Amino acid sequence: MILKVIPVGPLSMNCSVIIDEDTGQSVVIDPGADLEVILKALEGTTPKYILATHGHIDHVGQVKGLKERLGVPFLVHKEDLFLLNDPIWKGFDLYVGADLPCPEPDDFLEEGMELSFGKIRLKVLHTPGHTPGHCCFYSEEKLLIAGDLLFRGSVGRWDLPGGSLEDLKKSLRRVVLELPEDVRVITGHGEETTIGREKRFNPLLREILGH
């Protein structure tokens, strides 16, 4: 597995490109901005999916451009459909470098779904709270693409449309208690971390877990 984490746009959202070394097949997760930079990271690969952890504009802002250039399916959870072209983003799209409207998904992410490309399998974990349809992607190679669920030293916000503190708490408990501590966590913004580090040192997470 080759993983490229690309901070894009003024909010430095982490777009992930995952490549199977044997076949050259790839996926793009959260292409929020900087289309040409993302395309450069995909050169020499065969893209199979465009995936979004959730429907916020800084995570889906360049789905349109990627679909036009690559012609591959776009997947997001159905409960985040209302966010893709929500009027709340009017004007904000220019700031974050988004190309709207975001296309309709070709298929929907669901809890337990497995997405395969080459020998790599990504398991979909439905982790609502930041948004109703927020999903994480987990690989048995001990990698979690966490979107805006969990950050290094913090957790996702729940005060935007569709957010829920109770759902966020349940999703965080699930992820940190079910996954091994040495799982590498690629966050939606900022530095990567591990499950173990956040269990020990993340004050918000420790409060949620009751420690």
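In what follows, the accompanying structure is described. (Residues numbered from 1 in each chain as written. Predicted model: local features only at pLDDT ≥ 70, side-chain atom pairs only at ≥ 80, totals over all residues. Heavy atoms only, no water.)

### A closer look at the overall build of the chain
- Along its length, the chain carries 8 helices and 14 strands.
- Taken over the C-alpha trace, the chain has a radius of gyration of 16 Å; the compact-globule value for 211 residues is 17 Å, and the two agree within 12%.
- With the principal axes as the frame, the chain shows a C-alpha extent of 50 × 40 × 30 Å.
- Expressed as a percentage of the 211 residues in the chain, the buried residues total 53%.
- Considering only contacts within the chain whose residues lie at least 6 apart along the sequence, 60% involve residues at least 24 apart.
- Of the roughly 9200 Å² of accessible surface on the chain, 50% is carried by carbon and sulfur atoms. (Helix = DSSP H or I, 4+ residues; strand = E, 2+ residues; numbered from the N terminus. Rg over C-alpha atoms; globule rule 2.2 N^0.38 Å. Buried < 20%, exposed > 50% of the residue type's maximum accessible area, 1.4 Å probe, protein only. Contact = heavy atoms within 4.5 Å. Areas by Shrake-Rupley, 256 points an atom, 1.4 Å probe, with all protein chains shown as cover.)

### Here's the deal with the sheet that holds strand β1 (residues 2–8)
- The strand order β1-β2-β3-β4-β5-β6 describes an open sheet built from 6 strands, whose pairing is mixed. With partners counted over all chains shown, the strands left at the sheet margins are β1 and β6 (107–109), one partner each. Put simply, the sheet's adjacent strands are angled 25° from each other on average, direction ignored.
- Looking at chain direction, strand β2 (residues 13–19) and strand β3 (residues 25–29) are connected through 4 bridges and run antiparallel. The partner of Ser 16 across the bridge, within β3, is Ile 29. (Pairing = 2+ DSSP bridges. Axes fitted to C-alpha atoms, helices over the stretch in contact; angles between N-to-C directions.)

### Looking at the pattern of salt bridges
- Following the criterion strictly, the structure yields 15 salt bridges and no others.
- Residue Glu 43 is joined to Lys 40 by a salt bridge in which the shortest nitrogen-to-oxygen separation is 3.7 Å. Lys 40 matches Glu 43 in its accessibility class, with the two residues each being exposed.
- A salt bridge links Glu 192 to Arg 184; its shortest N-O distance comes to 2.8 Å.
- Classification of Arg 184 as partly exposed rests on a relative accessible area of 35%.
- A single salt-bridge network, built from bridges that share partners, covers Glu 111, Arg 174 and Glu 178. (Salt bridge = Lys/Arg side-chain N within 4 Å of Asp/Glu carboxyl O.)

### Observations concerning the nonpolar core
- Counting residues in each nonpolar core, the largest one holds 23 residues, and the members touching the most others are Val 8, Ile 38, Val 60, Leu 66 and Phe 74.
- Put simply, the parts of the chain that give this core at least two residues each are β1, β2, α1 (35–42), α3 (63–70) and β5 (74–77).
- The leading source of residues in this core is α1, at 5 residues.
- Counting 19 residues, the second largest nonpolar core, distinct from the first, contains Leu 125, Val 183, Val 185 and Ile 208. (Core = buried A, V, L, I, M, F, W, Y, C linked by side-chain atoms within 4.5 Å.)

### Notes on the pairing of strand β10 (residues 143–147)
- The element β10 is largely enclosed, with a buried count of 5 among its 5 residues.
- Here strand β9 (residues 135–139) folds back onto β10 in antiparallel fashion, the turn holding 3 residues, of which Lys 142 has a positive phi close to 65°.
- Where β10 meets strand β13 (residues 184–187), 4 bridges bridge the pair, whose relative direction is parallel. From the neighbouring strand, Ile 145 faces β13, where its bridge partner is Ile 186.

### Side note on the packing of α1 against α3
- At a minimum axis distance of 10 Å, the contact between α1 and α3 shows a crossing angle of 45°. Comparing their axes, α3 and α1 come out oblique. Between α1 and α3 lies a crossing whose hand is right-handed. When α1 is examined against α3, the residues Leu 35, Glu 36, Ile 38, Leu 39 and Leu 42 are found in contact with a partner set consisting of Gly 65, Leu 66, Arg 69 and Leu 70.
- Here the residues of the contact of α1 with α3 are counted per class, giving 6 nonpolar, 1 polar and 2 charged. (Parallel < 35°, antiparallel > 145°, perpendicular 65-115°, else oblique. Left-handed = near helix turned anticlockwise from the far one by under 90°. Nonpolar A, V, L, I, M, F, W, Y, C, P; charged D, E, K, R; others polar.)

### Quick word on the environment of Ser 139
- Looking at where Ser 139 falls in the secondary structure, it is placed in strand β9.
- Along the primary structure Ser 139 and Ile 120 are separated by 19 residues, whereas in three dimensions their C-alpha atoms are 7.5 Å apart.
- Residues in contact with Ser 139, not counting those within four places in the same chain, are Met 1, Arg 121 and Leu 122.

### Description of the sheet that holds β10
- Judged by pairing direction, the sheet is mixed, and its 6 strands sit side by side in the order β7-β8-β9-β10-β13-β14 without closing on themselves. Unpaired on one side and paired on the other, β7 (114–117) and β14 (193–194) mark the two borders of the sheet.
- As defined by bridge partners, β13 adjoins β14 across 2 bridges and the pair is classed as antiparallel. Bridge pairing in β14 places Val 185 opposite Thr 193.

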